[in-house]
Amino acid sequence: MSDRRLDARRLFAPLGPTYDRMGTVLSLGQDPLWRRFLVSRLPPKGHVLDVATGTGLVAAELLQRGFEVTGVDQSVEMLAVANQRLDGSVELVEASAESLPFPDCSFDHLTFTYLLRYVDDPAATMRELVRVVRPGGRIVALDFGLPGNSVLRLLWRIYTRIGLPAIGLAISKHWAGVGRFLGPSIERFDREYGVDIKRDWTDAGLGEICVDRMSFGAGVVISAVKAGATEGPRATGSRLRRPEPGGPRREQRVSVAPAFYALEGGGWRDYWTLLHPPYTLWHLSYVLLGAALAPMPDPRIVAGALIAFFLAVGVASHAFDELQGRPLGTRIPSSVLLALGSLALIGAVALGIAAAAMLGPWFLAIVVIGALLVVSYGLEIPIVHSDIGFALAWGGFPVLASAAANGAAPLPTIVAAVGATLLSLAQRRLSTPVRRIRRKALEVSGTVRFRDGTTERLDRGALIAGPEAGLRLLWLAMVALSIGALAARWSG
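So, here's what we can say about the structure. Remember, predicted model here, so these are calculated numbers, not experimental data.

### A look at the packing of helix H12 (residues 299-323) against helix H14 (residues 363-378)
At step 1: Axis separation between H12 and H14 bottoms out at 8 Å; the angle between their running directions is 30°. The angle between H12 and H14 falls in the class roughly parallel. Regarding H12 and H14, the two cross each other, and that crossing is right-handed. Contact residues: Ala312, Ala316, Ser317, Phe320 and Asp321 in H12; Val374, Tyr377 and Gly378 in H14.

### Considering the pairing of strand S6 (residues 206-214)
At step 1: Where S6 lies against strand S7 (residues 219-226), seven bridges are found, and the strand directions are antiparallel. If you follow Cys210 over to S7, its bridge partner there is Ser223.
At step 2: Counting the residues that bridge the hairpin from S6 to S7 gives four residues, and of these Ser215 lies at a positive phi of roughly 50°.

### Overview of helix H6 (residues 122-131)
At step 1: H6 sits mainly inside the fold: seven of its 10 residues count as buried.
At step 2: Every buried residue of H6 is accounted for by Pro122, Ala123, Thr125, Met126, Glu128, Leu129 and Val130.

### Observations regarding the sheet that holds strand S4 (residues 109-113)
At step 1: The strand order across the open sheet built from seven strands is S3-S2-S1-S4-S5-S7-S6, with neighbouring strands paired in mixed fashion. For this open sheet the edge positions go to strand S3 (91-94) and S6, each flanked by a neighbour on one side alone. Averaged over all pairs of adjacent strands, the angle between strand axes in this sheet comes to 15°, irrespective of strand direction.
At step 2: Bridging between strand S1 (residues 47-51) and strand S2 (residues 68-73) involves five bridges; their strand directions are parallel. If you follow Leu49 over to S2, its bridge partner there is Thr70.

### Points about the pattern of salt bridges
At step 1: One pass over the full model with this rule turns up 15 salt bridges.
At step 2: In this structure, the salt-bridge partner of Asp108 is Arg134, at a minimum N-O distance of 3.0 Å. Here Asp108, found in the loop between S3 and S4, pairs with Arg134, found in the loop between H6 and strand S5 (138-144); they are 26 residues apart in sequence, far enough to count as distant. Each member of the pair Asp108 and Arg134 is classed as buried.
At step 3: Note that Arg438 is salt-bridged to Glu468, the shortest N-O span being 2.7 Å. Note that Arg438 is positioned in helix H17 (residues 410-440) and Glu468 in helix H18 (residues 460-491), a separation of 30 residues in sequence.
At step 4: When salt bridges that share partners are traced, they join Asp104, Glu128 and Arg131 into one network.

### Quick word on the packing of H17 against H18
At step 1: Direction vectors running N to C along H17 and H18 enclose 150°, while the axes themselves pass 9 Å from each other. Viewed along their axes, H17 and H18 form a crossing whose handedness is left-handed. Residues Leu423, Gln427, Leu430, Ser431, Val434, Ile437 and Arg438 of H17 form the contact with H18, whose participating residues are Arg460, Leu463, Ile464, Pro467, Glu468, Leu471, Leu474 and Met478.
At step 2: Partitioned by chemical class, the residues of the contact of H17 with H18 number 10 nonpolar, two polar and three charged.

Scoring rules and cut-offs
Residues numbered from 1 in each chain as written. Predicted model: local features only at pLDDT ≥ 70, side-chain atom pairs only at ≥ 80, totals over all residues. Heavy atoms only, no water. Axes fitted to C-alpha atoms, helices over the stretch in contact; angles between N-to-C directions. Helix = DSSP H or I, 4+ residues; strand = E, 2+ residues; numbered from the N terminus. Parallel < 35°, antiparallel > 145°, perpendicular 65-115°, else oblique. Left-handed = near helix turned anticlockwise from the far one by under 90°. Contact = heavy atoms within 4.5 Å. Pairing = 2+ DSSP bridges. Buried < 20%, exposed > 50% of the residue type's maximum accessible area, 1.4 Å probe, protein only. Salt bridge = Lys/Arg side-chain N within 4 Å of Asp/Glu carboxyl O. Nonpolar A, V, L, I, M, F, W, Y, C, P; charged D, E, K, R; others polar.

Spelled out as structure tokens, the structure:
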């Protein structure tokens, strides 16, 4: 066994029981999101070989998505934790990625995470991984990356050189070692191999290579298809399976807009879709509602708050969110999204600082909280990206900030903020299942049978229509109510 593989085994073998939790903490909540996105890049169904399966996080996600799974790892300690997690539902094999104990073309698809940094010859390892995948199968990989923006890369380097070792040391000496190891390891691998990734994947017989950079480039998901056939799973059964009659089939996909406000992709239409116009106006209505709680709202403060929240919520948070796997499917370059988000956030903070000069230093606390909410939402940190986190950040917080800036009394401010939070929570509960159907469903079918014997067919449109009709009415209602409430103050 090579020194590099031995070092990896020594470093990670003792970490199995705490690996999942600490991986989430050290990555600021990003690692689970990256793994879920990795699995989402696979076509539905089939037998997947999960290489470097570790504690079985990706294998568990694959099982939930309906795949048959075999896991491989060189660490018996990690496999023991995976076996507990998966409760025997996955075949786990102790083996090296450089020499897989499977015949050629054994699997429909293959996944691996954080692997190539720990092998001596990444190109040869890629050829071995490709060998066990059938023609037309997909290979998807996750690894760390480096932010492309120079400022973000500096912050990343500070965190990996100081933050990671400090957090690790607070847990155990083993995690302190991981904290010291990761930053230099990621940079070394990027320096030695980063430019050769696509070349080595192509030389291994892969095509349709797609690189998705997430969390401002800190996580990289690469997917590709093995040449020789169209994508699609073979019939389940033994590891060496016969093809379906007529050969492998490609899943039929239906092109559906990612949201009711989304326009056909391309050009300026992508920027309209990025802004989420109905939802952005809905959240801005909370700014007006907060101002209307004050006896004498200052028009300058109201205008400044509207612009600041438009920049922070309408532009920055949506631009950062689109960087995380392109949920809206826009073609806006990642560099443009990053620039838009960064400049919009800087503009919002600048307006907040200007307001603090008028209102007092206490307002800076609100500015800092707002900036942290935008960045946390863009990074999809769970506490903010959850339903209740979303409702508090984009419902309650705008009311509190605007009311405080305009001098509203505490009690009505708190009551109104609770109301706005509940409304935003209702928005989330309506929009989440609709968004899931629009962006992820391949097929929707079913029938409702009523007591009088009549039936009603269930399809994609039927499931989407009701919630979206409510959302269309609610955003218009909130904008009208907030404008009316503020106009009443100014006309009194």
